[in-house]
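Okay, here's what each chain looks like letter by letter:
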Amino acid sequence: MSWTEKIRNEEVLIKIGTKTPILLQSIKKLKLAYFGHIKRHQTLEKHILEAKMKGKRGKGRPTRRWENDIEEWLETSTSQAGRLTSDRETFRRRVQEATSRNG
């Protein structure tokens, strides 16, 4: 096998003997926990996350934003997810549900 060959993630997981993408679950959990932390506090990170850029974007496909993962994993809008963070227990439960799902 050459290093330039493309191998699907599923094939790599089978080769290493795991069926669940543990690394992806860890990343999801940490990213969602950090999102909750940012949304609960008045910090520079929160202002940056919620800021809107003026002007037009460039040609081509829109770039993947950090919030796209949050919306996809929690299956809700970013604003609704932000409101969920005010109740830590509810948000933790949603994070647990999101990280236990495959995909």
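A quick note: this is a predicted structure, and the numbers were derived from the prediction, not measured. (Residues numbered from 1 in each chain as written. Predicted model: local features only at pLDDT ≥ 70, side-chain atom pairs only at ≥ 80, totals over all residues. Heavy atoms only, no water.)

A. Representation of the pattern of salt bridges. Counted under the stated rule, the structure contains 5 salt bridges. Two residues, Lys31 and Asp69, come together in a salt bridge whose shortest N-O distance is 2.6 Å. Of this pair, Lys31 sits in helix H2 (residues 22-40) while Asp69 sits in helix H4 (residues 66-74), and the two are 38 residues apart along the sequence. On the basis of relative accessibility, which here comes to 15%, the residue Asp69 falls in the buried class. For Arg64, the salt bridge identified is with Asp69, shortest N-O distance 2.8 Å. Residue Arg64 is classed as exposed on the basis of its relative accessible area, which comes to 53%. Salt bridges here are not isolated pairs; linked through shared partners, they connect Lys31, Arg64, Asp69 and Glu72. (Salt bridge = Lys/Arg side-chain N within 4 Å of Asp/Glu carboxyl O. Helix = DSSP H or I, 4+ residues; strand = E, 2+ residues; numbered from the N terminus. Buried < 20%, exposed > 50% of the residue type's maximum accessible area, 1.4 Å probe, protein only.)

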